[in-house]
Amino acid sequence: MVTLNNSDDVSRLEFAHLPTKIEPMKALQKALGGPNLFVKRDDCTGLAGGGNKTRKLEFIMAEAKEQKADAIITQGSVQSNHVRQTAAISAKLGLPCHVVVSNPIGSEDEQYLKNGNMLLNHFLGAIFHKVPHGTEVENVSRIEGELKGEGKNPYVIPLGGSNALGALGYVECAREILSQAGNMNIHFDWIVHASASGGTQAGLVAGFVENHSKPRVLGISAMMSESELSETVFELVKEICQPSNLSPDKALINVNGDFIGEGYGVSTAEGLKAIKLAARTEGIILDPVYTGKAMAGLISLIKDKEGNPIRDSDNVLFLHTGGSQGLYGYINLL
Ligand SMILES: *Cc1c(COP(=O)(O)O)cnc(C)c1O
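Read on for a plain summary of the structure. Each chain has its residues counted from 1, running along the sequence as written. This being a predicted model, a pLDDT of at least 70 is required before a residue's local features are given, and a value of 80 or more before pairs of side-chain atoms are given or counted; all residues contribute to the totals for chains, interfaces and linings. Computation of side-chain values: all heavy atoms of the structure, hydrogens and water removed.

1. Concerning the packing of aromatic side chains
Think of it this way: a Phe, Tyr or Trp ring, Trp meaning its six-membered ring, pairs with another when their centres are within 6.5 Å, and the plane angle makes it stacked under 30 degrees, edge-to-face over 60, tilted otherwise. Across all of its chains, the model carries 3 aromatic pairs by this definition. Ring centres of Tyr112 and Tyr330 lie 5.5 Å apart, and the angle between their planes is 85°; on these two criteria the pair is classed as edge-to-face. Placement of Tyr112 in helix H4 (residues 110-114) and of Tyr330 in the segment after strand S10 (315-320) is noted, with a sequence separation of 218 residues between them. The pair Tyr112 / Tyr330 is uniform in exposure class, with both members buried. Above the ring of Tyr170, the side-chain terminus of Arg55 is found at 5.6 Å from the ring centroid. The criterion for a charge sitting over a ring is simple: Lys NZ or Arg CZ within 6 Å of the ring centre, and within 35 degrees of the ring normal. In this arrangement the basic side chain of Lys130 is found over the ring face of Phe128, its NZ or CZ atom lying 5.9 Å from the centre. In this text, helices come from DSSP runs of H or I with a minimum length of four residues, and strands from runs of E with a minimum of two, each type numbered from the N-terminal end. Using a 1.4 Å probe on the protein chains alone, a residue whose accessible area is under 20% of its type maximum counts as buried, one over 50% counts as exposed, and one in between counts as partly exposed.

2. Details of unusual backbone geometry
Look at the link from Leu18 to Pro19: it is a cis peptide, with omega at -5°. You can see Pro19 is positioned in the segment before strand S1 (22-24). Phi at Ala48 is positive, roughly 45°, even though this residue is not glycine. Here Ala48 is to be found in the loop between strand S2 (36-41) and helix H2 (53-66). Even without being glycine, Lys68 reaches a positive phi, approximately 55°. Topologically, Lys68 is positioned in the loop between H2 and strand S3 (71-77).

3. Focus on the pattern of salt bridges
Any two side chains of opposite charge can pair, on the condition that their charged atoms come close. Only one rule defines a salt bridge in this text: a Lys or Arg side-chain nitrogen within 4 Å of an Asp or Glu carboxyl oxygen. If you walk through the whole model with that rule in mind, you get 16 salt bridges. Ionic pairing is found between Arg55 and Glu176, a salt bridge with its closest N-O pair at 2.9 Å. Separated by 121 residues along the polypeptide, Arg55 in helix H2 and Glu176 in helix H7 (residues 164-184) bring together distant segments of the chain. For the pair shown, Arg55 and Glu176 are each scored as buried. Measuring nitrogen to oxygen at the nearest pair gives 3.1 Å for the salt bridge that ties Glu146 to Arg142. Within this pair, Glu146 and its partner Arg142 are both found in helix H6 (residues 136-149), separated by 4 residues, close to a single helical turn. Residue class for Glu146 comes out partly exposed when judged on its relative accessible area of 41%. On the accessibility criterion, Arg142 (36% relative accessible area) is partly exposed. Where salt bridges share partners, they join Arg12, Glu58, Glu172, Arg175 and Glu210 into one cluster.

4. Side note on helix H10 (residues 269-282)
Each helix should span, by expectation, one fewer than its residue count multiplied by 1.5 Å. With 14 residues, H10 ought to run about 20 Å at 1.5 Å a step, and its terminal C-alpha atoms sit 20 Å apart, in line with that. Taken residue by residue, H10 has Gly271, Ala274, Ile275 and Ala278 as its buried positions. Within H10, the buried residues cover an arc of 105° as seen down the axis, which keeps them to one side. Facing away from the buried side of H10 by more than 90 degrees, the exposed set consists of Ala269, Lys273 and Arg280. Of the residues flanking the end of H10, it is Gly283, one or two places downstream, whose phi is positive at about 65°. Of all possible arcs, the one meant is that of the directions from the helix axis to the C-beta atoms.

These results come straight from atomic positions and should not be treated as a statement about function.
Here it is, written out as structure tokens:
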């Protein structure tokens, strides 16, 4: 069992480029008018393009190595960034990487199916298992069984690397943010980021709880409904915190489900507008599946003051979780 108490003792491989930078977004702030905006560049964690799965994989792959795994299995959508980062570190560690891939948007578009993350996965040597959406978990089990039948010792990584072990990567990130904020002599009132399988948000929340520290974490959902994601994140936070006798309050889980649009992986008009605005003001590249929707959420909260918990005097840190590699798969869908 992984705990906050012993997270320093949990094995960890070090391949991420850390700490990632925190930069002011003065031009975007000026364009929007409102709170002080900063960005944390977790899109630059270094692993075949980087992104938020890299921090989780430092802990997960350490366990895989300890268990002497000789194959990795994971799952994701066609344009999954998690699959790309897992394929990259598997390649570096010399482990075959089986990826169970589904097409959640049911697109036949060649760019979506072959470009972007899929092109990179191909170069990274991922072994593809294309399956119908909704059958990913059973297919992961089937492949695990088949590999075991061949005398192999496969290690399964869940969707998005979002178990308590993977989330430790974001407990570490919370510590990193607090230390950087200390050096910058400011404190962040809000951390805003794209949230999907919940590990990033849960790790951040647990990390701030552990430090009795203030930043509130707001996850803009890219996949689940507000209630489903809140529940998923809360369960993970409790699991991480339980053995250290910390009892986190459900009120710490802030989720906004208003920016998913038609569904996971389907781009939205407001997401596309946010991608253009971030690019044209800050030179920062967001993506249509996660960070564009998260930025659309942040923009809308800033503009629509009513019911907005973020005040104009607040310091807001947008955690850029990566994903721009997926843009190339969306060239015809945007
Ligand atoms: C996976 C992913 C997320 C969501 O992170 P979770 O830990 O799954 O909630 C956000 N942004 C990008 C770019 C991702 O690839």
